[in-house]
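Residue-level structure breakdown
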Amino acid sequence: MNKDIPTAQYERVIMGIDPGTNVMGYGVLGINGKRPEVVVMGVIQLNKLESHYLRLNRIFQRVTGLVDQYLPDELAIEAPFCGKNVQSMLKLGRAQGVAMAAALARDIPIAEYAPLSIKQSVTGNGGASKEQVANMLKYILKIPQERMPHLLDATDALAAALTHFYETGKPQMEKGAKSWAQFLAQNPDRIVKR
């Protein structure tokens, strides 16, 4: 195990990104078995850069740096939601694309999740507030109050990573089965009786 790599002790590492053009959140989960653990979470401040292109460059540089530092196996990113302001949507889509390009440049596979799906996965309520998501993450991942960030973009990113952990842990039907009943009929040896 390489002690210089902060995630070397984990079997799997998932990075989450909450894209933004003023503040971009990131979070990294380390996984051993079925137990997720917070490695790091934070934000990339972009609002001091006046040019949108400079912000995109900073996103690329910082996400590349985070990928190189934490060596994630996968990246989970929040999909832009459809708003009424087309210009904001375009800028947010560019920020997301640049973050994805930084991960792809290091051959990191990407999963994209809608904000509603992330909230539903973490809190059980697709209409949950950012504060409710943060509080549920604090409870689920046993995050001490002093480690909770002031900007909730960081917890939103961590929520994307946790959603990916949950989604990739779900059992999948094998090809050829059209329903769970058909799958069980084809695989009676997989039924565990208690």
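Notes on the structure follow.

Cut-off values and rules
Residues numbered from 1 in each chain as written. Predicted model: local features only at pLDDT ≥ 70, side-chain atom pairs only at ≥ 80, totals over all residues. Heavy atoms only, no water. Helix = DSSP H or I, 4+ residues; strand = E, 2+ residues; numbered from the N terminus. Expected span 1.5 Å × (residues − 1). Buried < 20%, exposed > 50% of the residue type's maximum accessible area, 1.4 Å probe, protein only. Contact = heavy atoms within 4.5 Å. Pairing = 2+ DSSP bridges. Axes fitted to C-alpha atoms, helices over the stretch in contact; angles between N-to-C directions. Core = buried A, V, L, I, M, F, W, Y, C linked by side-chain atoms within 4.5 Å.

As for helix α2 (residues 86–104)
With 19 residues, α2 ought to run about 27 Å at 1.5 Å a step, and its terminal C-alpha atoms sit 26 Å apart, in line with that. Burial in α2 covers these residues: L92, A95, Q96, V98, A99, M100, A102 and A103. Considering only its buried residues, α2 is in contact with β1 (12–18), β2 (23–32), α1 (52–70), β4 (74–78) and β5 (110–113).

A few points about the sheet that holds β4
In spatial order, the strands read β3-β2-β1-β4-β5; together these five strands make up an open sheet with mixed pairing. Because the sheet does not close on itself, it has two edges, and the strands there are β3 (35–45) and β5. On average, adjacent strands in this sheet sit at an angle of 20° to one another, irrespective of strand direction. With four bridges connecting them, β1 and β4 associate as parallel partners. Counted as the bridge partner of G16 is A76 from β4. Of the strands in this sheet, β1, β2, β4 and β5 touch α2, which is tilted by about 180° from β4. Strand contacts of helix α5 (residues 153–168): β1, β2, β3, β4 and β5, with the helix running at about 135° to β1, the strand carrying the most contacts.

Quick word on the nonpolar core
Formed by 26 residues in total, the largest nonpolar core has its most connected members in I17, M24, I59 and V63. Counting 25 residues, the second largest nonpolar core, distinct from the first, contains M41, L141, I143 and A160.

Structural notes on the environment of Q182
Among the secondary structure elements, Q182 is positioned in helix α6 (residues 180–186). Take Q182: its relative accessible area is 29%, and that puts it in the partly exposed class. In this structure the C-alpha to C-alpha distance between Q182 and P149, which are 33 residues apart in sequence, comes to 47 Å.

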